[in-house]
Structure formats: structure tokens, C-alpha cells
Amino acid sequence: MPHFLIAQSELPAEREARRRRAGKSSGETYAATLEQIQPGVATTIVSPADDAAPVLSTDRLAQFDAVFLTGSPMHVYDDGPAVRRQLDFMRRVFSAGIPSFGSCAGLQIAVAAAGGRIRKMPKRMEAGIARRIFPTEAGRNHPLLAGRPPGWDAPAIHGDEVAELPPGATLLASNAMTHVQAAEVRFDRGIFWGVQYHPELALREIAVAIAAQADDLIEAGLADHEDDVEAWANDLKALHDTPGDRSLRWRLGVDGEFAEERLRRREIINFLSNLEALRG
């Protein structure tokens, strides 16, 4: 049975806040998702950005079958000890030649570690649903996006984005809000597949995140009142419980690619299906 390393970039206070809101840290969410996809899989969670985090050597990292990088509130462009520790960790992952996958901040960390550039989104945040994501020409035949239709929606909540991919990276998907929605990064001895959206999250977790950031959504002009945010979050929670509900799908403007858990997780499932080739 494979053994996966999950690296969460949330700091301790952020992890505890997320546990209070959603019941799990970002790393614990990833572990639960991987266990549901591959029952019996072994996972180890680490927090490389923490002050007292042990430094894993490339030899130790190479003992894992894959590394997963979670989302977090980390702003990768804000230089500081926590960001530097996280980027150093990712460079060791690349050096170890271990396949890696990441979402949201996980994508941004891998891109920055390989020499790319991250920025605050110039217009507004992308919150709740990333709409009309489409593959690039390279993405249409890339195994990360196997099974995706010509356009799809995905859970998302982020105010930062990839401004520039590093050398050796391939853009795989975009939408009108964020140019880099999916990418492959090749750096040193490693290969990383990542997305700006959140295939690992349950819809209830997205709803909780939306409700917690109501003030930010109003400031960004995405909602007029807290009641609007609460109503939208409640619809997401309801869709979590009844993903086939046609009226909820219509009200939220989504189809099965967003509503159905198996379809929402395509990129993670595709990554796991290609691990042997990636390690080769």
C-alpha cells in the first residue's frame, strides 16, 4: 500500500481556526480524501512552515510514494521565515524526484519554488466556484485533466494567483479570472501537477470557507450583504447533502462536474493513476 506525505502550509493558529470551522486542518482534509479514494492508504502529515518543523532530507522524502501540498492562507510573495521554510521544503521535494500534487496555495508554492512568480489577484478574489475552466491545447491531452469536458466549474477560494510560470512548466488550464488554473512543473529531478482550485474539498468545506470570509466577499463586490453570503453558503451545504438535486444545481448554475464528488476529484484520481509513470 502506498505511503503519501501531506504538507500543509497553514501555521498553527490557522490550523486550529480551520478545525473549529470545518472540523479538519487542510492536511487532515487531504488525508481523508485520499483514504476515501484509496482505502487503507498510509498518510503522514507535516507542517514545513512551522517554527519547530523538522527538516526532512531528500533521502527521507524519497521514501514516500508522493507528496501532496494543501491550500492555506499563505501569501507566497510575502517573504519571511515561514514562506522560506515552505519553499525550501518544496525544493527538497523536487530534488528528491518524488512526484507531487498541490491545490491552491500548493500550486503557488511549487511554482515559486521552481522560479515562478505569485501575485495578489489584480481585480478581485475568486470565491466559491471557479467558472468555465477550459484546457489549453497542451491540457487537452494531458493525463492530469483526463475525463474533463471542454469546460467545467470547480470549487475555489483564493485572492492570490500565479503571475508567471517558471521555466520547464506547462500551462494546462485557464479561465477568465485566473490564467493559471492548472499546470505541470518540471524542476530539478521532480514533476509537480497542480491546480488553482480545490478538487480535495467537500462542498460543505467550501461553504464554511465562504461564510467565514463574508466580509472579504462584500469588500470585493461579490456580495451586498452577509445574508446573501449565508444563503449562498447554505445552498452549497444543501448540494453537499443532495448532489443530484436539480433545483439546487440550477440555482447555483453547476452540473455534475462540480456537484458530484467523484467527478470533482478527477485531478487527484488522475494523479494517483499515473504515479508509476511519474516515478519512472
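Residues numbered from 1 in each chain as written. Predicted model: local features only at pLDDT ≥ 70, side-chain atom pairs only at ≥ 80, totals over all residues. Heavy atoms only, no water.

A.B. asks: Looking at this structure, I do not really get the overall build of the chain. What am I missing?
C.D. replies: Across its full length, the chain carries 14 helices and 11 strands. Against the compact-globule benchmark of 19 Å for 280 residues, the chain has a radius of gyration of 18 Å, which places it among compact chains. Along the longest, intermediate and shortest principal axes, the C-alpha atoms of the chain span 50 × 40 × 40 Å. Residues classed as buried in the chain amount to 54% of the 280 residues present. Considering only contacts in the chain between residues 6 or more positions apart, those separated by 24 or more positions represent 73%. Only carbon and sulfur atoms are counted for the fraction: they give 48% of the accessible area of the chain, which is about 12300 Å². Across the chain, the mean location of the 32 positive side-chain charges is 3 Å away from that of the 39 negative side-chain charges. (Helix = DSSP H or I, 4+ residues; strand = E, 2+ residues; numbered from the N terminus. Rg over C-alpha atoms; globule rule 2.2 N^0.38 Å. Buried < 20%, exposed > 50% of the residue type's maximum accessible area, 1.4 Å probe, protein only. Contact = heavy atoms within 4.5 Å. Areas by Shrake-Rupley, 256 points an atom, 1.4 Å probe, with all protein chains shown as cover. Lys, Arg positive; Asp, Glu negative; His and termini not counted. Charge placed at Lys NZ, Arg CZ, Asp CG, Glu CD.)

A.B. asks: Help me out: how do you make sense of the sheet that holds strand β11 (residues 190-195) in this one?
C.D. replies: What links the strands of a sheet is backbone hydrogen bonding, and the strands pair in either a parallel or an antiparallel sense. The 9 strands are arranged β2-β1-β3-β4-β11-β10-β9-β6-β7 in an open sheet whose pairing can be described as mixed. Two strands close off the open sheet at either side, each with one partner strand: β2 (42-46) and β7 (152-158). Direction aside, neighbouring strands of the sheet carry axes that sit 30° apart on average. One ladder, built from 4 bridges, connects strand β1 (residues 3-7) with strand β3 (residues 66-69); its direction is parallel. In the strand pairing of β3, F4 is matched with A66. (Pairing = 2+ DSSP bridges. Axes fitted to C-alpha atoms, helices over the stretch in contact; angles between N-to-C directions.)

A.B. asks: Just to check I follow, could you spell out the nonpolar core for this structure?
C.D. replies: It is characteristic of soluble globular proteins that their nonpolar side chains tend to be buried jointly. The biggest cluster of nonpolar side chains holds 34 residues, and the ones touching the most others in it are L5, V76, F89, M90 and F94. Looking at this core, the elements with two or more residues in it are β1, β3, α4 (81-96), α5 (105-113) and β10 (182-187). Per-element tally for this core: the top contributor is α4, with 8 residues. Setting aside anything within four residues of it in sequence, one finds L5 in contact with T44, V46, L56, L61, F64, A66, V67, F68 and F89. Ranked by size, the runner-up nonpolar core spans 28 residues in total, among them L34, F68, A182 and L272. (Core = buried A, V, L, I, M, F, W, Y, C linked by side-chain atoms within 4.5 Å.)

A.B. asks: What's the story with the packing of α4 against α5 in this structure? I'm lost.
C.D. replies: Helix packing geometry: the angle between the two helix axes and the distance between the axes. Viewed as axis vectors pointing N to C, α4 and α5 meet at an angle of 75°, and their least axial separation amounts to 9 Å. Between α4 and α5, the crossing angle belongs to the class labelled roughly perpendicular. In contact with Q86, L87, M90, R91 and F94 of α4, α5 contributes I109, A110, A112 and A113. Among the residues making up the contact of α4 with α5, the classes are represented as 7 nonpolar, 1 polar and 1 charged. (Parallel < 35°, antiparallel > 145°, perpendicular 65-115°, else oblique. Nonpolar A, V, L, I, M, F, W, Y, C, P; charged D, E, K, R; others polar.)

A.B. asks: What am I meant to see in the pairing of β11 here?
C.D. replies: Regular strands place their side chains on alternate faces of the sheet. Taking burial as the measure, the 6 residues of β11 include 6 buried ones, the bulk of the element. The two faces of β11 match: G190, F192 and G194 on one face and I191, W193 and V195 on the other face are all buried. In this sheet, β11 lies alongside strand β4 (residues 100-103) in parallel orientation, the contact comprising 4 bridges. Bridge pairing in β11 places F101 opposite W193. Two strands pair when backbone bridges link them, and β10 and β11 are joined in this way by 6 bridges, in the antiparallel orientation. By the bridge assignment, R186 is partnered in β11 with I191. Two successive antiparallel strands, β10 and β11, enclose a turn made up of 2 residues, where D188 displays a positive phi of approximately 55°.

A.B. asks: Sorry if this is basic, but what is going on with the side chain of N270 here?
C.D. replies: Position of N270 relative to the elements: it lies in helix α13 (residues 266-273). For N270, a relative accessible area of 12% translates into the label buried. Polar side-chain contacts of N270 include one of 3.4 Å to the backbone oxygen of P143. The residues touching N270, leaving out its near neighbours within four places in the chain, are P143, L144, L145, A146 and W193. (Polar contact = N/O pair within 3.5 Å; in protein donor to acceptor, adjacent residues only side chain to side chain.)

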